[in-house]
Structures are given as C-alpha cells and as structure tokens.
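# Structural description and commentary
Residue-level listing of the chains:
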Amino acid sequence: MSVKRWEDDAIVWRGPTYGSETLRYHPDVKKAAAAGRIITCVDVVDWSGTGTRDLLISAWDACYDGRVFLRREIGTNEDGTPMLGEEELVEGVRGYVTAVRDGEIFHLVSASRMRKQIFLFPNIGEKGAPEFGEPVRLDLEADWVKTNEYFHMARFHDIDGDGVPELIVGSDYWDDYWPNGLEWNDKGYRGYDDAGRWLGGPLRGYLYAFKNKGTLSEPRLERGYPLLAGETPLEVYGQLAPAFGSFGGVRQCLVAGEFWNILHIARQREDGHFEPTNLVRNAKDAVLELDQCIHLPCVVDWDGDGREDILVGAEDGYISFLKNCGNDENGVPRFEKRGRVETTNPLIHAGVLPSPAAYDFSGDGHYDLVIGNSSGELLFYGSREQDGTIYLDKEVMLEADGKPIRIAAELTGSIQGPSEKMFGYSCPTIADWTGSGRMDLLVSDVTGRHRLFRNTGDKCSPPSFGREEFLTYQGRTLKTVWRVRPAVVDWLKDGQLHYLALDEDGVLSDWKKFTDTELADKRHICWETGDPMRFTVDVGGGRGRVKLCFCDWEGTGRTDLIFGTHARACVPPDPRTGAPRNTTKQAGLFYSRNVGTREEPRFALPVPFRFRDETIAMAMHVASPEAVDWGGRGALDLVVGVEDGSLVWLKREDLSW
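The following paragraphs examine the structure supplied in this document. All values derive from a computational prediction rather than experimental measurement. (Residues numbered from 1 in each chain as written. Predicted model: local features only at pLDDT ≥ 70, side-chain atom pairs only at ≥ 80, totals over all residues. Heavy atoms only, no water.)

For the protein, the count of helices and strands is zero helices and 59 strands. The C-alpha radius of gyration of the protein comes to 25 Å, within 12% of the 26 Å expected for a compact globule of 657 residues. On the principal axes, the C-alpha backbone points of the protein span a range of 80 × 55 × 50 Å. Out of the 657 residues in the protein, the part that is buried amounts to 60%. In the protein, the share of contacts with a sequence separation of at least 24, taken over all contacts with a separation of at least 6, comes to 57%. Accessible surface computed for the protein: about 25,200 Å², of which carbon and sulfur atoms make up 46%. (Helix = DSSP H or I, 4+ residues; strand = E, 2+ residues; numbered from the N terminus. Rg over C-alpha atoms; globule rule 2.2 N^0.38 Å. Buried < 20%, exposed > 50% of the residue type's maximum accessible area, 1.4 Å probe, protein only. Contact = heavy atoms within 4.5 Å. Areas by Shrake-Rupley, 256 points an atom, 1.4 Å probe, with all protein chains shown as cover.)

Here it is as structure tokens:
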C-alpha cells in the first residue's frame with residue numbers, strides 16, 4: 001500500500017523576512033557552534049581552490065526554502081581543525097547538497113524528499129570562482145527494494161573503482177512504519193497497544209548505485225540497483241545518508257547515517273557490494289551514540305592529522321566532529337565524539353523549534369531567555385545591552401540537581417512512534433509557582449507530561465534548579481496532548497495561581513494550583529461563542545503543538561491570549577475557514593482578546609498578527625511567542641522562536657492585529 005504523506009502536496013514554506021529582527025550574540029562571543037537550519041546536511045569542499053576545508057551546509061528544503069550556506073576556512077585552530085568565517089548564501093541551490101570534484105572544479109548534487117528527481121548543479125565557473133548553471137534534472141529508474149521510496153541524500157562516488165563516479169542515492173521509506181497505514185492526524189490512528197508496544201513497523205532506508213555513462217557535468221545514468229550488505233539489500237532505520245572513506249585501509253568503507261542517533265559502517269567487498277554493516281564505535285568499543293537524530297555524514301581529515309574523520313549534521317541543525325582515533329585489530333576505525341563544529345561570526349541557533357520564556361534572572365534590568373527545543377534541552381541565554389542594542393550571551397545548558405536537563409521521548413513517549421526516541425520538544429514557562437519568591441520552571445514536552453523545576457538559588461545567572469517533579473491531577477501524573485507551551489495565570493490577582501494547557505482532547509483547560517505538584521478544579525476555557533477552545537480539526541498529534549502566552553496585551557487589566565500554531569492548525573476548528581490551515585498554510589501567531597470577566601474569562605475568535613502589514617507566516621512546525629517588554633520601553637513586544645532555530649524580536653509598532 002502506498003501512503004500519501006504531507007510532502008506530496010507540500011509547498012516550500014516561506015514567510016516574511018525577519019532577518020533584521022534576529023537576536024544576535026554579544027560582540028564578546030567570538031566563537032559558537034556552526035549550524036544549518038533544520039535537519040542539516042554537511043559536506044567539505046575546497047571552494048576557494050587553495051586547498052581549504054570549507055563547509056557546505058544545507059537544510060531540509062520544506063522549511064525556509066532549504067537554502068544552502070558556505071562557511072570558508074579562514075585559518076586553523078590549535079587543534080588542527082579549520083577556523084570558519086561568516087555565513088555566505090549559495091544562490092539558487094536548495095535541498096540536501098553534496099559536492100563532487102571534476103578536475104579542478106566541483107559540481108553540486110541535490111536531493112529532496114519533496115521531489116522524485118535528483119538535481120545536478122553544474123559548475124560553469126573556474127577554479128576558485130565557482131558559478132552554477134541551470135540545474136540538470138536526473139530522473140532515476142531503479143530496481144527498488146520497495147515502492148514509494150523517497151530520495152534522502154545523494155552523492156557521486158566511484159564505487160566500482162573504474163575512475164568514473166557513480167551516483168549513489170540513499171532512500172527513505174515510511175509505508176511499513178505507520179500502524180495500518182494511518183498517520184497521527186488520521187481518524188482511527190493508534191500508535192501503541194495497552195502494553196506500550198509500537199503497532200507499526202520499522203522505518204527503512206536503502207542504498208542505490210546508478211552507473212554513469214556520461215560526464216559529471218552531463219550525467220547519463222543507467223538503471224540503478226540496490227547495494228547489498230552481505231546477501232541482502234543494505235538497510236538502515238530510515239533516511240539513509242551515505243559517505244565514503246578508506247580510513248587507512250585497502251578497501252573503502254561506507255558510513256551511513258539513519259533516523260536514530262547512530263551511524264553504520266561497512267567495508268566494501270571486491271564485487272562492489274558491502275560486508276554486513278556494524279555500528280560505529282568509540283575507542284572503548286562502545287556504540288558511539290550521537291546527541292540527536294536524522295544524521296547526514298561526510299568523511300574528511302578535519303583536524304589534519306592524516307586520518308579521515310567524520311562530520312555529521314543532524315535534525316537539530318548542529319554539526320558534530322567525530323575524531324578518528326585509530327583502527328582496531330580488525331582494521332575498523334574507532335571515533336571519539338569531540339563535540340560541535342564551531343565558527344567565528346556565529347549566529348544564534350537555539351536548536352530547532354525553539355520555545356522561549358523570558359525573565360530577568362540576573363536582576364540587571366534586562367530580560368534573559370530560557371529556550372526549549374526539539375532536542376528537549378533547556379538553554380539559558382543571558383542578555384546585555386551595549387550601545388542601545390540588546391545582545392545575548394552564549395547559551396548555557398540548564399541543569400536540574402546538578403545534571404543537564406535533556407528530556408527525551410525514548411521508545412514509547414512520542415505519539416509518532418519510536419523513531420522519535422531522541423525528541424523532547426521542551427516547552428518552558430517561568431513563574432513563581434512555589435511561592436518562594438524565586439522563579440521556577442514549568443515545562444511540558446513530547447510526552448504531554450508536565451514538569452516542575454524549583455529554583456534553588458538567589459538571583460544568579462544562570463539560575464539553578466532542583467530535580468524534576470511531575471504535576472498531578474486527581475492522583476495521577478497529568479498527561480495532556482504533546483508539545484504545548486503551558487501558562488500560569490492569576491486571573492483575580494489574589495495569589496491563586498492557575499495552570500493552563502491543552503488537555504488530553506486538545507481543549508484549552510484551566511487547573512487551580514492545590515499544592516506545588518497537585519492540580520485541582522479543572523475547567524474548560526471557552527471562545528466568546530461559548531464553545532470550548534480547540535485549535536485544530538486533526539486528531540492524534542495534531543491536537544497539540546500550540547504555544548500559549550497569556551498577558552495583558554492591550555493594558556486593559558484583563559488577561560488576553562497570544563498563541564503560536566503549527567501549519568496544520570485550524571483555528572477555530574472549521575475545516576473550511578480555520579487559520580492557518582485555510583489561510584497562509586504556515587505556522588502563525590494569533591491574538592485573542594479577553595472579552596469575558598475576571599471570574600469567567602472568554603476569548604474573542606483569534607485574529608492573525610501582521611508584521612509590517614504582512615500576515616506572519618513561519619514555516620511548518622511552530623511559531624512560539626513570548627510577550628515581554630524586551631527593549632525596556634514600557635510596552636510589550638514579542639520575542640518569537642522560529643522553526644529554523646532563530647529568535648526574533650518583533651517590536652510592537654511593527655505589529656498589527
């Protein structure tokens with residue numbers, strides 16, 4: 001059965017440009033992680049033609065046009081790795097992009113799950129001055145292991161040793177994964193049985209070779225065939241991303257990324273196929289586990305020690321350096337995880353799907369940020385003002401009881417199944433929940449549970465927190481829909497705190513605080529029509545994802561609602577008129593005025609925020625607002641987490657509603 005997924009009808013999401021409003025590091029931050037956008041592909045190329053190790057960074061092209069960026073080597077760090085310069089846009093190229101050398105120049109190859117073709121961007125420039133002509137469309141026919149496979153990543157590589165590179169394509173196959181062919185937004189979807197066992201199958205990814213009878217600038221590709229590992233088609237857990245290296249051996253090796261947080265390695269046989277794959281391991285022979293998922297590797301001697309290393313991009317946008325620490329007795333390389341590749345002139349990248357909360361923890365008069373993200377981290381950004389501009393310090397990972405906070409779904413925590421075991425989708429809000437006079441964190445996540453982290457210190461930067469505690473309701477751990485940023489409200493300004501989130505059915509609900517961890521007296525919040533407030537017509541995971549922000553936006557003394565949505569949200573839940581599904585078709589920001597009473601709040605039907613007279617549209621997954629007087633001007637603005645990992649300050653005077 002062929003499953004139709006959202007990519008089949010997808011547009012390339014793009015919205016107004018918010019670049020001038022992007023929050024930036026303080027000038028004192030000379031170096032920070034180099035990052036792509038969402039799901040990063042990385043390759044190393046000598047762009048300048050002088051022997052440099054320049055970084056080519058591309059991203060999933062469903063979001064923000066999948067632009068491709070270059071960071072040139074401008075020097076060498078003490079550890080031998082390249083010192084990278086500022087980000088440059090590679091015009092006209094999109095998708096997951098790799099480079100193939102052709103004499104003294106190189107061409108670019110692009111794959112995308114959104115299309116059934118590979119594109120070659122021929123270099124019509126000269127050595128050191130690349131220029132790319134019109135893309136050449138490569139329509140591929142192959143003896144597919146499955147039907148309905150997506151192209152995930154492609155690169156040219158001489159796999160049969162005849163001196164002519166073949167096109168090697170890794171695929172991505174989902175039809176076996178979804179239970180009964182139903183996705184989370186389909187009626188009747190059920191991901192797990194009562195014992196917590198996944199009712200679907202595995203993700204699958206395969207590898208194909210296409211013999212090239214033409215040139216690299218004008219390929220003529222024969223029918224492709226699946227590459228074998230042992231006696232069966234080489235397969236990994238979805239989204240196979242190939243890279244190749246010899247690692248000091250006689251035969252070359254394949255390194256393959258997949259959806260989970262591991263890499264595979266296999267030596268090539270004399271017939272051009274491969275030995276059975278093994279997992280990449282560290283010097284202690286333990287499996288090398290990466291920090292996120294959806295990994296796209298490349299092989300390069302990154303630190304100049306004569307041994308080939310691995311760079312690997314991931315879903316979170318960062319690029320990790322895996323140092324080759326030598327071969328074992330069987331000639332298989334071992335690697336050490338050295339951390340993220342860093343760059344000079346860094347841009348703030350708070351993971352992907354960042355969800356900000358603001359408070360002045362240091363007491364210096366400027367708001368700091370706590371950011372949740374898809375990796376389940378809680379990142380702290382202190383702020384400083386210089387020459388009238390508010391900058392952020394380098395991020396610090398917040399800790400609870402002395403350990404870094406990192407929430408993860410593990411195998412059973414995500415409604416979208418075990419593929420998402422590394423996702424956390426942390427969504428924090430800040431409030432003095434415990435009445436200690438210090439600001440605590442309340443966080444929901446991928447699982448739909450709600451955590452309290454008590455602030456254990458006085459005013460300090462970064463703040464310190466105790467161990468996680470779970471909020472409960474009616475004697476059970478509170479479990480709601482997933483990926484919702486909760487809110488804390490004192491409706492009557494009498495000290496009685498209320499906790500607001502979307503309940504297990506996706507209805508906006510209000511619980512009274514009973515004790516620090518116990519909630520009571522649940523009620524539904526309604527639109528002005530009297531209907532309970534819902535945010536989509538979808539079922540399953542579509543019912544969550546909303547980011548709540550309650551504030552007195554218009555200075556009336558009432559508590560209004562600002563919320564961020566995903567692209568599939570439908571507010572109000574009418575399949576014909578609800579926004580943004582039937583308007584911009586992108587994640588958006590909405591305002592609902594409180595038209596009720598203090599005792600019985602009700603909210604007007606939402607209107608979309610406009611930025612400089614253009615409706616805000618922020619790609620696919622999320623737009624996450626925090627209302628805060630960011631500039632200290634006596635009026636609320638919006639600081640927004642954008643899907644690609646950036647943070648933008650939208651000033652009130654540029655907004656309309």
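Turning next to the sheet that holds strand 59 (residues 655-656). Paired through their backbone hydrogen bonds, the strands of a sheet run either parallel or antiparallel. If you walk across this open sheet you meet the three strands as 55-54-59, and the pairing is antiparallel. The open sheet has two edge strands, strand 55 (614-615) and strand 59, and neither has a second partner. Sheet analysis places strand 54 (residues 610-611) next to strand 55, joined by two bridges and oriented antiparallel. Counted as the bridge partner of F611 is E614 from strand 55. (Pairing = 2+ DSSP bridges.)

As a further point, take unusual backbone geometry. Here the residue pair S461 and P462 is connected by a cis peptide bond, since its omega of 0° sits within 30 degrees of zero. Note on placement: P462 falls in the loop between strand 38 (450-455) and strand 39 (465-470). For the bond running from V571 to P572, omega is -10°, close enough to zero to count as cis. Relative to the elements of secondary structure, P572 occurs in the loop between strand 49 (570-571) and strand 50 (579-580). In this structure, N180 takes a positive phi of about 55° despite not being glycine. Position of N180 relative to the elements: it lies in the loop between strand 13 (166-172) and strand 14 (205-210). A relative accessible area of 73% places N180 in the exposed class.

Here we come to the sheet that holds strand 23 (residues 296-300). In space, the four strands of this open sheet follow the order 23-24-25-26, with antiparallel pairing throughout. The open sheet terminates on both sides in strands that have one partner only, identified here as strand 23 and strand 26 (333-340). Taken over all neighbouring pairs, the strand axes of this sheet differ in orientation by 25° on average, direction set aside. The pairing of strand 23 with strand 24 (residues 309-313) spans five bridges and is classified as antiparallel. (Axes fitted to C-alpha atoms, helices over the stretch in contact; angles between N-to-C directions.)

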